[in-house]
Amino acid sequence: MVADTISAAPAVTGWDVRLVGVPGEARAERLYRRMRFIRRFEESLLGLFERGLLNGTTHACIGQEADAVAIMEHLGDDDHVFSNHRCHGHFLARTGDALGLMAEIMGKPEGVCGGIGGSQHLCAPGFMSNGIQGGIVPNATGIALAKQLEGGAGVSVVFIGDGTLGEGATYEALNLASLWKLPLVVVLEDNEWAQSTPSSANLAGSMRDRFAAFGFAVLEVDSTDVEKIDAVAERALTRGRRQEGPVAIIIHTYRLCHHSKNDDNRPADEVAARWDLDPIEIHGRRLGLASRAAIDAEVESAVQDVIDRAVAL
Amino acid sequence: VIAARAIGDALRAALNEDDRVILLGEDLVDPYGGAFKVTRGLSTDFPGRVRSTPISEGAITGVSAGLALSGYRPIAEIMFGDFLTLCFDQIVNHIAKYEAMYNGKATCPVIIRTPSGGGRGYGPTHSQSLEKHFLGVPHLRVVASSLVHDPAAVLRALLAQDSPVLLIEHKLLYPLHLMLPGGGQIEGDIAEEHISADRLPTVSIRSVPREDCSFTVLAYGYQAELARRVLSRLALEEEIFGELVVPSQISPLDWEPIDASVNVTRSLLVIEESVEGFTWGSEVAARTSSRFFGELRRPVATAASDPTVIPSSKTLEAEMLMTPERVERAIRQVAA
C-alpha cells in the first residue's frame with residue numbers, strides 16, 4: 001500500500017497539512033515536507049531546552065529523517081510500528097501529531113501520554129516506543145504474531161539502531177520471528193555510533209549476516225537519499241506482507257547531531273563531512289527553488305504554531 | 001482433583017471461553033505437555049493456540065507482551081521460576097510499564113505462570129522462590145496458587161482484568177489434592193473466604209472461633225499447606241489455636257482479611273519459602289506493625305529459608321529450606 005496521495009496516509013490527530021502534506025502536491029514535495037517537518041521540530045526542541053521549557057533529555061534523529069519518512073510511506077492502518085529512544089521522527093512520520101508530541105515532551109497533560117511517557121515512551125494508534133534497548137524487538141515480534149493470527153496483510157515494523165545489535169533479546173526475537181514466519185519488518189538504522197562508541201568498537205562480523213543467519217530476507221541501502229530508501233522500503237514491505245517470513249532493512253545512515261544533548265565527542269571533521277549527505281539537502285535539490293522555499297516557510301510557521309500552542313496549554 | 005490437573009483444567013476452560021487466550025512456553029506441546037505436565041493435552045485440542053517456543057524466556061515474555069498489546073490474552077509458562085531472571089527486563093521495563101507510561105492508551109495483560117520452590121532436590125538453579133524480587137513492582141500482580149483456592153476462579157478473575165500477572169505455582173503442590181472451602185469448612189476446620197474487589201480470594205482457616213485463636217499465620221502456596229497441617233495437629237493434640245490466612249494475590253495485598261484476623265489475635269507470623277532478608281514477610285511486618293502499633297501482643301514474627309543457595313543434597317536442602325519442622329518451630333514460638 002503506497003501512499004500516493006496524502007489521503008492514503010494514516011489518519012492523524014493534530015493534523016496540519018503544512019507539516020504532513022498539502023492535498024494535491026507531488027510525492028517528491030511531500031517527502032521533502034515531512035523530512036523538513038521532523039528536522040525543524042527537533043531543532044526547535046533543542047532551542048526549547050536552552051530556554052528551560054523542557055525537562056529531562058531527548059534523542060534527536062537529525063540526519064536520519066529520510067528513514068522514517070520513506071518507511072511510513074508504505075504503511076497503513078493495519079500495520080504497527082515499534083520505535084526506540086530515538087523515536088520522534090518515526091512518531092511524526094507515522095502520526096503527524098506534532099502538538100501531541102510537543103505537549104508530551106513539555107510534560108503537559110495534553111501530551112499523547114499525559115506527560116508520563118515523555119520523549120521516549122510514546123503511544124498512538126499503530127505506534128509505540130520504549131526506551132530500553134532490544135526489548136522492543138520481542139514486543140514487535142508478538143505484535144507480528146498477532147497480525148499473523150488475524151490473517152490479514154498487516155505487518156509489524158520495529159526500528160532499531162546499530163547499538164541494539166549488542167542486546168541478546170534481539171536475537172531471541174529474530175529466531176522466533178523467522179521460525180514462525182511472522183510478518184515482522186526490522187528496520188536497522190546504522191548511524192555508525194552507539195552513543196559515543198563507534199560500531200567498529202561494538203560490532204563483530206557483519207550486520208547483514210546476523211539477520212541472514214536467522215533466515216531473514218535482508219535488504220540493504222547505504223544512503224541518506226529518501227527516494228533510494230523509499231524504493232527499498234517498498235520492496236521490503238511488499239515482501240513482508242506476503243507472510244513468508246520476516247524482513248530486515250539495513251539503512252546505513254549517520255546521526256548529524258549529538259546522541260542526546262551536548263554529548264558529542266565524535267571527530268568534528270567526520271561530522272562536518274557528513275553534512276554533505278544531509279538528506280534534506282539531497283532531496284531538496286530535486287525541488288524547484290520556489291516550491292522548496294514555500295514548503296520551508298509553511299513548515300516554519302506550522303512548527304512555530306505548534307510550539308506556541310503547546311506553550312500556551 | 002490434584003492441583004496440576006485443576007490448573008490444566010483452568011487453562012483449558014480459559015482457552016474454551018476466550019479465543020484471545022494463547023499459551024506460550026517451552027516444551028508445552030504434546031506428547032510432552034510441559035515439564036510438569038500441566039498443559040498436557042491442550043496443544044492437541046487447541047492447535048496453534050498452545051505453542052512450544054525455543055529456549056528463550058526473554059522472547060516468551062516479550063512476544064506475550066506484543067500479543068497482549070494487540071488485544072490477545074497470552075498466558076506464558078516459564079518452565080522453572082528460577083528462569084524468571086531471564087524475563088526481568090520484559091516484566092519490569094516493558095510489561096508492567098506499558099499501561100501506566102502510555103497513560104492508559106494501551107494495556108498489556110500478560111499472565112506468566114511458573115513452577116517454583118524446592119523440596120525436589122533440583123539444586124541451586126531449579127528450586128528457588130524468586131517471586132520476592134517481583135513484589136512491589138508497580139502495576140504487576142503477583143499471585144500464588146494454593147490448595148485452598150480454585151485455580152479456575154482465580155484464572156477467570158485474572159483474565160477479567162487488565163494488569164499483568166506473575167502466577168507462582170509451587171511444584172510440590174502439583175500432586176496434592178485441592179481443598180476448597182465448601183460449606184464454610186476445609187477438612188473439618190472453619191474456612192472463611194474473602195473475595196477482593198478484583199475477585200481474588202483470601203481464605204482464613206481456624207479450628208475454633210477467631211476469638212479463641214491466639215495468633216495469626218499468614219502464608220501462601222506450599223508453605224500455607226505446611227502451616228495448615230501443623231495448625232490442625234496442634235489444635236487437635238495440644239489445644240494450641242491459631243488462624244491461618246492464605247491470600248491468592250501476594251502483591252499488592254488485600255489487607256482486609258489479614259487485618260480482620262490480626263485485629264482479634266493481635267499476633268502475627270508470616271511464613272514464606274523465599275530466602276530471608278528484604279522479604280514478603282518483612283513488608284507485611286512493617287505495615288502491620290505500623291497499622292497495629294501499640295496493639296500487638298508481640299512483635300510480628302517472620303520465617304523464611306536461609307539466605308544461601310539451595311543445595312542439591314537432600315539432607316542439606318532440608319536444613320536450608322523452610323521444612324515442616326521449621327514451620328512448626330516458627331508457629332510454636334508465636335504460640336508460646
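Computed from a predicted structure; not experimentally measured. (Residues numbered from 1 in each chain as written. Chains lettered and ligands numbered in written order. Predicted model: local features only at pLDDT ≥ 70, side-chain atom pairs only at ≥ 80, totals over all residues. Heavy atoms only, no water.)

A.B. asks: Any chance you could break down the nonpolar core for me, citing the residues and the numbers?
C.D. replies: Membership of the largest hydrophobic core comes to 169 residues, with the highest contact counts inside it found for Phe82(A), Val157(A) and Phe211(A). With nine residues, helix H2 (residues 27-50) of chain A is the largest single contributor of residues to this core. Counting 34 residues, the second-largest nonpolar core is a separate cluster that includes Ala6(B), Met179(B), Val246(B) and Ala303(B). (Core = buried A, V, L, I, M, F, W, Y, C linked by side-chain atoms within 4.5 Å. Buried < 20%, exposed > 50% of the residue type's maximum accessible area, 1.4 Å probe, protein only. Helix = DSSP H or I, 4+ residues; strand = E, 2+ residues; numbered from the N terminus.)

A.B. asks: Describe the pattern of salt bridges, with residues and values.
C.D. replies: Residues and elements named next belong to chain A. The final tally for this structure, using the stated rule, is 41 salt bridges over all chains. A salt bridge links Arg 274 to Glu 192, with the shortest nitrogen-to-oxygen separation between them at 2.4 Å. Of this pair, Arg 274 sits in helix H10 (residues 268-274) while Glu 192 sits in the loop between strand S5 (184-190) and strand S6 (193-194); the two residues are 82 residues apart in sequence, bridging distant segments of the chain. When its relative accessible area of 22% is taken as the criterion, Arg 274 is described as partly exposed. Salt bridges here are not isolated pairs; linked through shared partners, they connect Arg 27, Arg 30, Arg 34, Glu 73 and Asp 230. (Salt bridge = Lys/Arg side-chain N within 4 Å of Asp/Glu carboxyl O.)

A.B. asks: Run through the side chain of Ser129(A), naming residues and quoting values.
C.D. replies: Its location among the elements puts Ser129(A) in strand S3 (residues 127-129). Among residues more than four places away in sequence, those in contact with Ser129(A) are Phe82(A), Ser83(A), Asn84(A), Cys87(A), Gln120(A), His121(A), Leu122(A), Met101(B) and Tyr102(B). (Contact = heavy atoms within 4.5 Å.)

A.B. asks: Which residues make up helix H5 (residues 98-105) of chain A, and what are the values?
C.D. replies: Residues and elements named next belong to chain A. Within H5, eight of the eight residues are buried, leaving the element largely enclosed by the surrounding structure. Where the residues of H5 are buried, they touch helix H1 (17-20), H2, helix H4 (88-95) and helix H12 (289-312). Of the residues trailing H5, Gly 107 is marked for its positive phi of about 75°.

A.B. asks: Which residues make up the packing of aromatic side chains, and what values go with them?
C.D. replies: All names here are of chain B. Tallied over the entire structure, the rule returns eleven aromatic pairs over all chains. The rings of Phe 36, Phe 80, Phe 83, Tyr 122 and Tyr 174 are connected pair by pair, giving a single aromatic cluster. In this arrangement the basic side chain of Arg 291 is found over the ring face of Phe 292, its NZ or CZ atom lying 4.5 Å from the centre. (Phe/Tyr/Trp six-rings, centres within 6.5 Å; stacked < 30°, edge-to-face > 60°. Lys NZ or Arg CZ within 6 Å of the ring centre and 35° of its normal.)

A.B. asks: So what about the interface of chain B and chain A? Which residues, and what values?
C.D. replies: By a widespread convention, an interface's size corresponds to the accessible area lost as its parts come together. Taken together, the contact between chain B and chain A spans 29 residues of the former and 31 residues of the latter. The three residues of chain B that bury the most area against chain A are Arg51(B), Met101(B) and Tyr102(B), which together make up 23% of that side's buried surface. Where chain B touches chain A, the interface holds zero salt bridges. At the boundary of chain B with chain A, the tally comes to ten residue pairs in polar contact (both at pLDDT 80 or more). When residues of the side of chain B that touches chain A are assigned to their parent elements, the largest contribution, nine residues, is made by helix H3 (residues 57-69) of chain B. Among the residues making up the side of chain B that touches chain A, the classes are represented as 14 nonpolar, eleven polar and four charged. (Buried area = accessible area lost by both parts, 1.4 Å probe. Polar contact = N/O pair within 3.5 Å; in protein donor to acceptor, adjacent residues only side chain to side chain. Nonpolar A, V, L, I, M, F, W, Y, C, P; charged D, E, K, R; others polar.)

A.B. asks: Summarise the confidence of the model for chain A; cite the residues concerned and give the values.
C.D. replies: Residues with a pLDDT of 70 or more make up 96% of chain A, whose mean pLDDT is 92. A low-confidence stretch, residues 1-12 of chain A stays under pLDDT 50, and its non-local contacts, those more than four residues away or across chains, total 32 contacts. (pLDDT = per-residue confidence, 0-100.)

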